[in-house]
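Spelled out from the first residue to the last, the chains are:
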There are 2 protein chains.
Amino acid sequence: MPRIWSQTIEAHRDAVREATLDAAAALVAERGLTGVTMSQIAKDTGIGRATLYKYFPDVESILSAWHDRQIDHHLQELLQTRDRTTGAAERLEAVLTAYAGMLFHRRGHDGDLAGRLHSGRHVAAAHRRLRDFVDDLLGDAAAAGAVREDVPTGELTLYCLHALAAAGDLDDPEAVHRLVRTTLTALRPPDTGP
Amino acid sequence: MPRIWSQTIEAHRDAVREATLDAAAALVAERGLTGVTMSQIAKDTGIGRATLYKYFPDVESILSAWHDRQIDHHLQELLQTRDRTTGAAERLEAVLTAYAGMLFHRRGHDGDLAGRLHSGRHVAAAHRRLRDFVDDLLGDAAAAGAVREDVPTGELTLYCLHALAAAGDLDDPEAVHRLVRTTLTALRPPDTGP
């Protein structure tokens, strides 16, 4: 197959996948998770049902792919937050603040999804990437003397990500701000004052 | 109905329920969550299938009740930990340490269950009790000057419970100890040194 063809086919596949995920996302927003059906997605996208089933065996797999894409977007946003901030400590704070803000804004939306996607292998992979990303930030901040070194970085990462997940249970942005502040307090080197 | 009869019936119902939950727990331990069936529970308990269905409509409801009972046991343990410790700050530390220990020891066991029980109304109620309990401990410790007062107690409770949930992702008890220490650091009043 000439290269131009395989590229065209690849682009077409991507377009079908993206259209499917967009349609699923719109349906979830409109009707909730239980309102998403293969027929409705086929109808909304104009993709034939038979074709749709070649890409995704069921609604579950579409929601998984959609969730994965959402996590990807969030990770991209966090990377951008990092890249427009200077200084290891400042980067860590900016990224953790942005992360808590994301969890706050999507609160209530993902509970059902997490339940439906309980096999969750793709979620585990996405979390792994998030962990590695925060790991690096914490490592840099520790090297700059802004983070305690008496606890391994990997453990501090888990601490941060779990503590900030409380943002999903909070009701106002000020509380999220206090949560980030509280969480960061525990990261300071033991010999630093408050 | 004479009182003695209603008491006897009540006791009988409790016994059927307890036996059902015990059988379900044993089956989960032996075969995993997917190995639990109504027929097997009926067989293991000697309760007739028709009777069993009068108590629980399906396996899901049995696992929910079992999970609820487990959370109850954990709460009882935490209450005991509190009651055998003196001093508000010490109580808080002892209870949070015990809580992290529980999450560490049951790690990997509840992931599937949490997924299967995603309706989770009973889980929400149990969490509410846990939150109220930790709220009180934090309030007492704050009144004793051992906990920061610039963040509302309810928010600190959420912070603690989420942060300590990281224990479920840790691999050794020393790391759990460090997690508790890290989490507690953030609770100190701002004017206290490390």
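Residues numbered from 1 in each chain as written. Chains lettered and ligands numbered in written order. Predicted model: local features only at pLDDT ≥ 70, side-chain atom pairs only at ≥ 80, totals over all residues. Heavy atoms only, no water.

Visitor: I tried to follow the UniProt feature "DNA-binding region" (unreviewed entry) in chain A on my own but got confused; where do I start?
Guide: UniProt annotation of "DNA-binding region" (unreviewed entry) refers to residues 37-56 of chain A when read in the numbering used here. From the first C-alpha to the last, residues 37-56 of chain A spans 12 Å; its make-up is 75% helix and 0% strand. (UniProt positions renumbered as here; feature names shortened; annotations may be inferred. Helix = DSSP H or I, 4+ residues; strand = E, 2+ residues; numbered from the N terminus.)

Visitor: When you look at the interface of chain B and chain A in this model, what are you seeing that I'm missing?
Guide: One frequent convention defines the size of an interface as the accessible area lost when the parts assemble. Every contact between the two is made by 27 residues of chain B and, on the other side, 27 residues of chain A. Approximately 2300 Å² of surface area, both sides summed, lies buried where chain B meets chain A, with 61% of it carried by carbon and sulfur atoms. Looking only at chain B, the three residues that lose the most surface to chain A are B:Tyr159, B:His162 and B:Thr182, adding up to 23% of its buried area. Applying the counting criterion to the chain B and chain A interface returns four salt bridges. At the junction of chain B and chain A, the tally comes to nine residue pairs in polar contact (both at pLDDT 80 or more). Of all the secondary structure elements, the ones that give two or more residues to the side of chain B that touches chain A are α8 (153-164) and α9 (173-185) of chain B. Sort the elements by how many residues they give to the side of chain B that touches chain A and α9(B) lands first, with seven residues. Among the residues forming the side of chain B that touches chain A, the class breakdown is 14 nonpolar, seven polar and six charged. (Contact = heavy atoms within 4.5 Å. Buried area = accessible area lost by both parts, 1.4 Å probe. Salt bridge = Lys/Arg side-chain N within 4 Å of Asp/Glu carboxyl O. Polar contact = N/O pair within 3.5 Å; in protein donor to acceptor, adjacent residues only side chain to side chain. Nonpolar A, V, L, I, M, F, W, Y, C, P; charged D, E, K, R; others polar.)

Visitor: What exactly am I supposed to notice about α8(B) here?
Guide: Residues separated by three or four positions in an α-helix point in the same direction, a consequence of the helix having 3.6 residues per turn. An ideal rise of 1.5 Å per residue puts 16 Å on twelve residues; α8(B) measures up with 16 Å between its terminal C-alpha atoms. Within α8(B), the full set of buried residues consists of B:Glu155, B:Leu156, B:Thr157, B:Leu158, B:Tyr159, B:Cys160, B:Leu161, B:His162, B:Ala163 and B:Leu164. (Expected span 1.5 Å × (residues − 1). Buried < 20%, exposed > 50% of the residue type's maximum accessible area, 1.4 Å probe, protein only.)

Visitor: Any chance you could explain the packing of helix α4 (residues 59-83) of chain B against helix α5 (residues 88-105) of chain B here in plain terms?
Guide: Two quantities define a packed helix pair, namely the angle between the helix axes and the distance between the axes. All names here are of chain B. The geometry of α4 relative to α5 is characterised by a closest axis approach of 8 Å and an angle of 150 degrees between their N-to-C directions. Taken together, the axes of α4 and α5 lie roughly antiparallel to each other. Crossing of α4 over α5 shows right-handed handedness. Counted together, His74, Glu77, Leu78, Thr81, Arg82 and Asp83 of α4 and Arg91, Ala94, Val95, Ala98, Tyr99 and Met102 of α5 form the full contact between these two elements. Looking at the contact of α4 with α5 residue by residue, the classes come out as six nonpolar, two polar and four charged. (Axes fitted to C-alpha atoms, helices over the stretch in contact; angles between N-to-C directions. Parallel < 35°, antiparallel > 145°, perpendicular 65-115°, else oblique. Left-handed = near helix turned anticlockwise from the far one by under 90°.)

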